[in-house]
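Structure at a glance
Given next are the chains, with one letter for each unit.
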Number of protein chains: 2
Amino acid sequence: MELGLLAVYTIALLTVILAFVYAVYLAVWVKKQKNENKTIERVADLIRQGANTFMRKEYTILAAFAGVLAVLIFLFLPKPVWQGGVERNLTMALSYIAGTIFSAIAGKIGILVASLANARCAEAASHGIKPAFLIGFRGGAVMGLMVVGSCLLGVLGVLVLTNNSSMLLGFSFGASSLALFAKAGGGIFTKTADVSADLAGKVELGIPEDDPRNPAVIADNVGDNVGDVAGMGADLFDSNIASMTAALVMAASLDDGAALGIHAVMVLIYSALGLLSSIVGIFTAKIGDHGSPTKALNNSTYVTTGIFLALTALATLLFKGFRWEIWGASAVGLLVGVIIGLATNYFTDDNAPIVKRVAHASKTGPAFTILSGVSYGFMSVLPAMVGIAISSMVAYKLGALLAPTPELTVQYAMYGISMAAVGMLSIVGMIISNDAYGPIVDNARGLAEMGGLGEETIRVADELDSAGNTVKAVTKGFAIGAAGLTVISLLGAFMSEVNAVIAEMNIGLAAAGEALMAYITTFDILNPTVFFGIMVGAAIPAVFSAMLILGVDKNAQRMIAEIHRQFKEIKGLAQGVPGVEPEYNKCIDIATTGALKELIPAGLFAIIATLVVGFIGGVNAIGGFLMGNIVSGLLLALFMSNAGGLWDNAKKYVESGNEGGKGSDSHKAAVIGDTVGDPFKDTAGPSINTQITVCSLVASLVATLFINLHIF
Amino acid sequence: MELGLLAVYTIALLTVILAFVYAVYLAVWVKKQKNENKTIERVADLIRQGANTFMRKEYTILAAFAGVLAVLIFLFLPKPVWQGGVERNLTMALSYIAGTIFSAIAGKIGILVASLANARCAEAASHGIKPAFLIGFRGGAVMGLMVVGSCLLGVLGVLVLTNNSSMLLGFSFGASSLALFAKAGGGIFTKTADVSADLAGKVELGIPEDDPRNPAVIADNVGDNVGDVAGMGADLFDSNIASMTAALVMAASLDDGAALGIHAVMVLIYSALGLLSSIVGIFTAKIGDHGSPTKALNNSTYVTTGIFLALTALATLLFKGFRWEIWGASAVGLLVGVIIGLATNYFTDDNAPIVKRVAHASKTGPAFTILSGVSYGFMSVLPAMVGIAISSMVAYKLGALLAPTPELTVQYAMYGISMAAVGMLSIVGMIISNDAYGPIVDNARGLAEMGGLGEETIRVADELDSAGNTVKAVTKGFAIGAAGLTVISLLGAFMSEVNAVIAEMNIGLAAAGEALMAYITTFDILNPTVFFGIMVGAAIPAVFSAMLILGVDKNAQRMIAEIHRQFKEIKGLAQGVPGVEPEYNKCIDIATTGALKELIPAGLFAIIATLVVGFIGGVNAIGGFLMGNIVSGLLLALFMSNAGGLWDNAKKYVESGNEGGKGSDSHKAAVIGDTVGDPFKDTAGPSINTQITVCSLVASLVATLFINLHIF
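Remember, it's a predicted structure, so these values are computed and weren't measured experimentally.

Broken down by element type, chain A carries 19 helices and 0 strands. Taken over the C-alpha trace, chain A has a radius of gyration of 25 Å; the compact-globule value for 712 residues is 27 Å, and the two agree within 12%. For the C-alpha atoms alone, the extent of chain A along its principal axes is close to 85 × 55 × 45 Å. Counting the 712 residues in chain A, one finds 67% classified as buried.

The interface is formed by 60 residues belonging to chain B together with 60 residues belonging to chain A. Of all the secondary structure elements, the ones that give two or more residues to the side of chain B that touches chain A are helix 11 (366–379), helix 12 (381–401), helix 13 (409–426), helix 16 (528–569), helix 17 (584–655) and helix 18 (665–701) of chain B. Looking at which element gives the most residues to the side of chain B that touches chain A, the answer is helix 16 of chain B, with 17 residues. Its residues placed into classes, the side of chain B that touches chain A shows 44 nonpolar, 13 polar and 3 charged.

A few words now on the relation of the copies chain B and chain A. In this structure, two copies of a chain are linked by a rotation about an axis accompanied by a shift along it. Rotating chain B by 180 degrees and moving it 0.0 Å along the rotation axis overlays it on chain A with an RMSD of 0.1 Å. The two molecules are tied by a two-fold rotation axis, judged by turn and shift. For chain B, the smallest separation between a C-alpha atom and the rotation axis is recorded for Asp524 of chain B, amounting to 2.2 Å. By residue overlap, the copies meet face to face through one surface: 100% of the interface positions of chain B are interface positions in chain A.

All names here are of chain B. Following both chains from N to C, one finds helix 4 (residues 129–162) and helix 5 (residues 167–205) inclined at 150 degrees, their axes separated by 10 Å at the closest point. As judged from the angle between their axes, helix 4 and helix 5 are roughly antiparallel. Here the hand of the crossing between helix 4 and helix 5 comes out right-handed. Of the residues in helix 5, those in contact with Gly154, Val155, Val158 and Thr162 of helix 4 are Met167, Leu168 and Phe171.

Once that is clear, we can look at the confidence of the model for chain A. Should pLDDT be low for a region, the predicted coordinates there are not to be read in detail. Residue and element names in this part refer to chain A. Mean pLDDT over chain A stands at 88; residues scoring 70 or higher make up 100%. Here helix 15 (residues 455–511) stands out as the least confident element of chain A, with mean pLDDT 83; helix 11 (residues 366–379) is the most confident, with 94. Confidence metrics for the complex model read pTM 0.92 and ipTM 0.90.

We now examine the packing of helix 5 (residues 167–205) of chain A against helix 6 (residues 217–254) of chain A. All names here are of chain A. Two elements in contact, helix 5 and helix 6, have axes separated by 7 Å at closest approach and are oriented at 155 degrees. What the angle tells us is that helix 5 and helix 6 run roughly antiparallel. Remark: the crossing between helix 5 and helix 6 carries left-handed chirality. Of the residues that constitute the contact of helix 5 with helix 6, the class distribution is 21 nonpolar, 9 polar and 7 charged.

Among the secondary structure elements, Arg88 of chain B is positioned in helix 3 (residues 86–125). Residues Arg88 of chain B and Pro78 of chain B, spaced 10 residues apart in sequence, show a C-alpha to C-alpha distance of 8.0 Å.

Moving on to the environment of Gly128 of chain B. All names here are of chain B. With respect to the helices, strands and loops of the structure, Gly128 is situated in the loop between helix 3 and helix 4. Given 14 C-beta atoms within 10 Å, Gly128 falls into the partly exposed group. Along the sequence, Gly128 and Ala63 sit 65 residues apart, while their C-alpha atoms lie 44 Å from each other. Those residues in contact with Gly128 that sit more than four places away from it in its chain are Asp289 and Val460.

Tracing the chain through its elements places Gly576 of chain B in the loop between helix 16 and helix 17. Considered as a pair, Gly576 of chain B and Asn214 of chain B are 362 residues apart in the sequence and their alpha carbons are 10.0 Å apart.

What counts, and at which threshold
- Residues numbered from 1 in each chain as written.
- Chains lettered and ligands numbered in written order.
- Predicted model: local features only at pLDDT ≥ 70, side-chain atom pairs only at ≥ 80, totals over all residues.
- Helix = DSSP H or I, 4+ residues; strand = E, 2+ residues; numbered from the N terminus.
- Rg over C-alpha atoms; globule rule 2.2 N^0.38 Å.
- Buried ≥ 20, exposed ≤ 12 C-beta atoms within 10 Å, placed from the backbone.
- Contact = placed C-beta atoms within 7 Å.
- Nonpolar A, V, L, I, M, F, W, Y, C, P; charged D, E, K, R; others polar.
- Least-squares fit on C-alpha atoms with pLDDT ≥ 70 in both.
- Axes fitted to C-alpha atoms, helices over the stretch in contact; angles between N-to-C directions.
- Parallel < 35°, antiparallel > 145°, perpendicular 65-115°, else oblique.
- Left-handed = near helix turned anticlockwise from the far one by under 90°.
- pLDDT = per-residue confidence, 0-100.

Now the structure itself:
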């Protein structure tokens, strides 16, 4: 069956509309749920306000940052504006701005619904696990549907309006800028609050978790929303856009520059079918009166995966030009994603042996908690690295089969890899739903505690929360795997961009009768400039994560000082005199200002390093730089996410009465492990994805300048 | 001036003889020093015996291991023996055995002298810093001279006897096997003892460091010898041999297969001049009555560097065929080595701000000690990675200038990099002397304590020890940098080997009238097999170090149980009743057996991973594998060594009265940091070098098989 462009638009747009309608339906459903407990409502309101404070400040700074970048883009990208092409540069700058706005809106709506869902989920928990689960999950699903829907809508919009896939690089860079703020900034925020609340509250003052006397307690709950809901959403929005961008840029190079040839159509249809599968998956998520929330979450993921594979197979069968090789590539991507998730689970699940071993090591003291956690964290990188290696090799070989001439092998092969990334990210709507569920039920647990809803309700909330943690580990592994494939395909996109520029320059050179420039088809390790790039690129994620972790560290010192001040100066606070309240806002302010202050140098460092390497060694150095960045970035991201999850669950395992239980020396050691793991898994680890994406996109955007201006 | 082969041999041999004679002179000098304190002598004797126990066991297992490998080498390498070439395979196997023996002898002598020097250094410390320093330094210098002398002798021997540089791969692999046992095994031994002695002794039982009641105290002192003296010596023997091997293999490819053409002559002369410079440098090491030992050690390093640059410049001026480009490459290597050393120093010296910041973070608790140490450890990789990147780029470009035809560019360029590695390692004699000084004076401090030599002597020993730690950080950075350049040049050697095999096969193919095989001149990142190799290769050092750290962990648990048993079962031990002694030997046995047991799986894992990747993806996958290995290996080695050094010095900084001083909560936090850092810096970090070298050499040795037998 011939699939006309109009049909493609219709299919994609209808899916987007369906997703939005369903999201609105779910949001309204959540809002209609009972919400009568005054205390909870008041605290939930404080959290909502706190989240708004952060996001307002974040978006204000982001607007300034994005404004400066938009001007720079207009002036320099893809070519200096004074060399002609005002319209092109303007479109690029506008695409960039659109990217930030789309991502911001999706994040904002997600936060809104999440902060409605948390209070209602807490109340529902007093009626049992079934209604509470549904509220938590559906609140998260609104985020999932909004993010993926606006991804697809944004990409469609840019393509239709500009008819030029390179403009997607601007759009994608916009999304990355926002992700950098949301993920890394939110990550610093959330861990500042978490660590300070724990250290100053639980450890020093001996008051329980989520105690309303703790000045940092609201900031801690706000952190769950801004770091885990908005940050994670922006991160996956970014990865999803980046994978589509990479695939579409490469598709254009295969379709002779046409933005909407058959290869681009495949990308769009696969993405639309992924979204459709997620809608069905979300629809099927249910739980019995005594069912397991973990199972419910995992089952709906498997349903989504199955439907996606079936639908794309059907599309391949029906539509002209769709190829089984591409279906294979995306299926491999998706399956490897699941495998990486399962491997991550083995290393971080508290029913598997590793977590128990780390908990046991805590008996010998905190140094052994750290040493064993670091060791197993290092080991956990192997399955994911091998998985990414195998999936990209298979996808490459499948893509290469399609090459009509041997010269086009690399292009087709890289297109294959990009489709593996698209496949892995196809079910991202479901992944985000599962992921956003976590912080909602975590918040609900806090609210149940603060609202005095009683032991049984807290137990239910705890069960929901624990499922959130288990699922989070899996989805995080998935997100890192997807980001890995995405950045590999961005390397392909970078090569495509470079060659497009060279092709254009060659027209001029040919007209002037001068020698033509050679196309870039390889990045040779033994080329010293490439090697130079690899070494420098490999160091960037290490330094970037160090800057973020130190940011949390510095910021937490400030907040702890503030908590001490409040307990000293506010009379009756420590004793819990009724009516005496801490100044929650001060802590939120500190977390907000500090997070943004610590984040910007780290982000600029990554961008400037890319520019420096590019202007020193040109495109060859950048090819190596991106590769070094990918390799060490994946390694460190996997290590930090998994080690952090491992310590978190080892602590929980001890707290549930093992190895001495709560209050024992093992518990103290496990808490230290968890505190170290917190910025690993929630700040640095997941931000590395964004850092790599930002560097890759900067490289592609500035490609023209690198070609013309470099020292070696 | 024409430099005949006989002249080259004469120069090299005379230098070797000079080094050996000087080493013997120094050893005799050390032995002649006063050694009258009975207690010290008895304890020193126990340490000597313990070291012998370990080395006997180590060498026994190594002999079995090496025997099996030698048989395998004879059967399969470089080509299966049944395909003809019995003599060639036999020579390779014998070279391998010679490599293990040479390294073993050098290590054995070093240990011997070190364990003579420690007691004498302790006694001399009661007469002031001047005589004690000289004994410590000269004891270390014996090791340095022996190691470098036997390196050069071994390489000369293999070249003269076989007239085939490829046989050096076998010799070098022998040295690597030994280094794996000595460095990684010794590293597990020393940290098992150190950690157990501290935890069970200082922390649990509250007895001071180096207290003779502690059953692990002798094992701890033995550990300094076997891990730091013998292990470090074997490690640098290995790096030095590997760098010469890489350079000589590539030289042969430039000299039309001749093992001793002009390029090989340059390698030999540069190495000989490096040894000569070290001899002079060692000769000049002196200290005044109140001088600073750190300055004395650093000064002699600078003297050695200066003399080496002058002598090689002179050689370039005088000898026909010597080129300034090569002098430049080796000078760049050497200078970058010094720069990396200084950068390392900035991150680990307790007079620089970083250590103070980590010490300050300890005030907030151990989690912050860990987090800030990890962060600065990550940051510290940047200067070294950039340094290695720049030096290899410059050396490459300098080497490339010599290429007579464009096709030979890569070969000449890789020769340039290998000469940068030779340059960086030229002063290795001096480096080893400085490095072996550390454990000798560390032991001396322990002996002074156990022998009851009084406060003032211990203070002097402390000052000597602190200089040892500072210098160690610098030389470690140097060793990692040198290993980095070495493994890069081993990548070149691998390519040379592959092409030599292909050339040989092509003769057969041409005779049969079949199509010829293409030479390998690039490893393209965008080639999926190369990429597959990169990803898998990058994961290996992480898993390898995890296995070693867990090895220390498991082994320490065993030893702590043994310490508990002794304190429970040996009456009067805890109270220090005179005449009651712990069973030191039991602890030494546990450390020895455990170390070797934990090490072997890690070593086999690295070797088997190399073989699996090679048989899956052939030489392309191996090229990527080695690159991934180098990048992530350097990153992790630098991170772990520097973070470990940082925590060690932060603890010392707190102990010297800052941030609350000894016994404070900051101190406890700093001790936890140090305990985490111990296996980082003394077990895993420095063993990664060896792991990379082992993988590189296995790859080169098995090249023929990889070409003929692979899946993709």
